[in-house]
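Architecture at a glance
One-letter residues, chain by chain:
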Amino acid sequence: MELHESVTHKNGRQRKPVVSTDNMRNQEAKSSDIDTEEEETLLWTEENHSKTHKGIGDELGKVLLLLFLYVLQGIPLGLAGSIPLIMQSKNVSYKDQAYFSFVFWPFSLKLLWAPLVDAIYFQKFGRRKSWLVPTQYLLGLFMLYLSVTVDSLLESDEHKGPDVITLTAVFFMLAFLAATQDIAVDGWALTMLSRENVGYASTCNSVGQTAGYFLGNVLFLALESADFCNKYLRFEPQDKGIVTLADFLFFWGIVFLVSTTLVAVLKKENNQQNLKKKHREETQSVMETYKQLFSIVKMPTVATFCGLLLTAKIGFSAADAVTGLKLVEAGVPKAQLALLAVPMVPLQILLPVIISKYTAGPRPLDIFYKAFPFRLLIGLLYALLVWWTPSVRQEEGFPVYYYAVVLISYALHQVALYSMYVATMAFHAKVSDPVIGGTYMTLLNTVTNLGGNWPSTLALWLVDPLTSKECQEVASLTCGSPDEAGLCVKEGGTCVTTLDGYYVESVVCVVIGLSWWLLLGKRLRRLQDESPQAWHCRSSK
């Protein structure tokens, strides 16, 4: 339910849980963790290694800078995650929601241009700043542009709805730039921090991105909601929230431009004052990286595993992509829906630690297999929740017990989701060829994310075609399209849904998921019996 996979993993960009197993030490499910970055970690040779180990206090400024950069990265992602809820309150079609879902693809595809970010740069300006500075400037400029135009793009009336195509294009560019910034920051983190403290990079990533997403999604939706502000933050009710989307975009656009200027002017890469010798950064050939990717995919075991990853999440697509929007359609305030993610944060922190104890052995995918039918069952539970919602609604809103039921349902979903996610990441770390581990891990993580993106987009796309409506009072008219629905209303009729496509999808997805589990689940488990050599790339030896 993207009510939210908002703070956890919507948008193809999953938060990386910190998993306490030796197997997972190399797992920073990062689309930019390619071999060039692994080489950077080796730049800290004993010759350059300080005899006195640096504590975190000695590099607190650098850690705070990384944390801030990751917070900035989370802001556009959080905003992108809030737009579908805003559009749903304006009664856009699910086909439009499917269009907008492409905004969440760049983080799943950034492996395609990550080698270019590593290889092309201005040496005098800095390998990472060559990409970080222009991408953050562009992010700031896009936000300032949106602050002026977003109200008109989201405006809707009886004649037209929001300009979904333009919104999709602009937010896709924001996500693309944020993904590119992520590649640059990930690489910079490995050389910015000393070897003793480089482990804090993943902590900065997880905490910073989560905080940024929270600010851009949960906090924004709460402050933008007139109902929430009038109920909790004001003494006298007003028609609008404390902030508008335009105000929020303008503020963060300025923050991006000012902070990027400060980083460009004041922060140096590999400053010789801080190093006894300048570290040599070896850049892997772009073509060599792409050849490695191709050689990995050609291996039979990897090809089979990728095929399974790309199809495994079809059964969850209706529950994950459509449920949250259906709740908004049923009248649940989007701000309340977003705030339900807050109590989940402690659970999302604890779950990976607990689950990793069971995935640390030689067969982590057994946990994936066992959690699979449980998550399918939750999909049916979500459908029942959507069906139940209208009957619970009262004049003053929804009762507390309703939100408690939603929260419990969401918590159960998180348990199943994280069980599968941590098991998958553990298996990635287990089978990746250590010689080209960065490229290998990134490829598998990219396929995993794509396996969630395309079913979600398809599920959104199919809701409207699977929905049946009829025009009551005017038997000769139908409501199969927006034009026909408008004509029905014009003639004095009312369009009534006789069969909601969401329920059709929910049942079909569970049937497909159960078939996958019965027919292909055991094939997935058998991959754990393959020898290590079956996963090793010949060209890496």
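A short tour of the structure in this document, coming up. A quick note: this is a predicted structure, and the numbers were derived from the prediction, not measured.

In this section: the nonpolar core. Of all hydrophobic cores here, the largest spans 67 residues; its most connected members are Leu-79, Phe-171, Leu-245 and Tyr-402. In terms of residue count, the dominant contributor to this core is helix H2 (residues 60-88) (8 residues). Formed jointly, this core draws a minimum of three residues from each of two domains, domain 1 (58-270) and domain 2 (285-540). Setting aside residues up to four positions removed in sequence, Leu-79 forms contacts with Met-143, Phe-171, Gly-216, Phe-220, Leu-245, Phe-248 and Leu-249. One finds Leu-111, Met-299, Val-302 and Phe-368 within the second-largest nonpolar core, a separate group that totals 32 residues.

Summed over the entire model, instances satisfying the criterion amount to 1 disulfide. A sulfur-sulfur distance of 2.0 Å marks the disulfide that ties Cys-471 to Cys-488. Of note, the bridge from Cys-471 to Cys-488 carries an S-S torsion of about 90 degrees and is right-handed in sense. You can see Cys-471 sitting in strand E1 (residues 468-472) and its partner Cys-488 sitting in helix H19 (residues 482-490), a full 17 residues away along the chain. The exposure class of Cys-488 is buried, given its relative accessible area of 0%.

Between its first and last C-alpha, helix H15 (residues 344-359) extends 22 Å over 16 residues, near the 22 Å set by a 1.5 Å rise per residue. Of all bends in H15, the biggest is about 25 degrees, found at Leu-351, and the proline Pro-352 comes one to four residues later. Three or more residues of H15 are buried, namely Met-344, Gln-348, Leu-351, Pro-352, Ile-355, Ser-356 and Thr-359. In this structure, the buried side of H15 is in contact with helix H16 (365-392) and helix H17 (400-431).

This part covers the layout of surface pockets. By volume, the largest pocket is sized at about 1,400 Å³. Around the largest pocket, the lining is made up of 35 residues, and of these Asn-91, Ser-93, Lys-469, Pro-482 and Ala-485 lie nearest the centre. Secondary structure elements with two or more residues in the lining of the largest pocket: helix H3 (94-100), helix H13 (317-329), helix H18 (437-466), H19 and strand E2 (494-499). Looking at which element gives the most residues to the lining of the largest pocket, the answer is H19, with 6 residues. Among the residues making up the lining of the largest pocket, the classes are represented as 11 nonpolar, 11 polar and 13 charged.

Scoring rules and cut-offs
- Residues numbered from 1 in each chain as written.
- Predicted model: local features only at pLDDT ≥ 70, side-chain atom pairs only at ≥ 80, totals over all residues.
- Heavy atoms only, no water.
- Core = buried A, V, L, I, M, F, W, Y, C linked by side-chain atoms within 4.5 Å.
- Buried < 20%, exposed > 50% of the residue type's maximum accessible area, 1.4 Å probe, protein only.
- Helix = DSSP H or I, 4+ residues; strand = E, 2+ residues; numbered from the N terminus.
- Domains from an automatic or database assignment.
- Contact = heavy atoms within 4.5 Å.
- Disulfide = S-S within 2.5 Å.
- Expected span 1.5 Å × (residues − 1).
- Bend = angle between axes of the 7 residues up to and from the residue.
- 1 Å grid on protein atoms, 1.4 Å probe; cavity = no way out; pocket = protein on both sides within 12 Å on 5 of 7 lines; lining within 4 Å.
- Points joined across faces, edges and corners; volume = space filled by probe spheres on them.
- Nonpolar A, V, L, I, M, F, W, Y, C, P; charged D, E, K, R; others polar.

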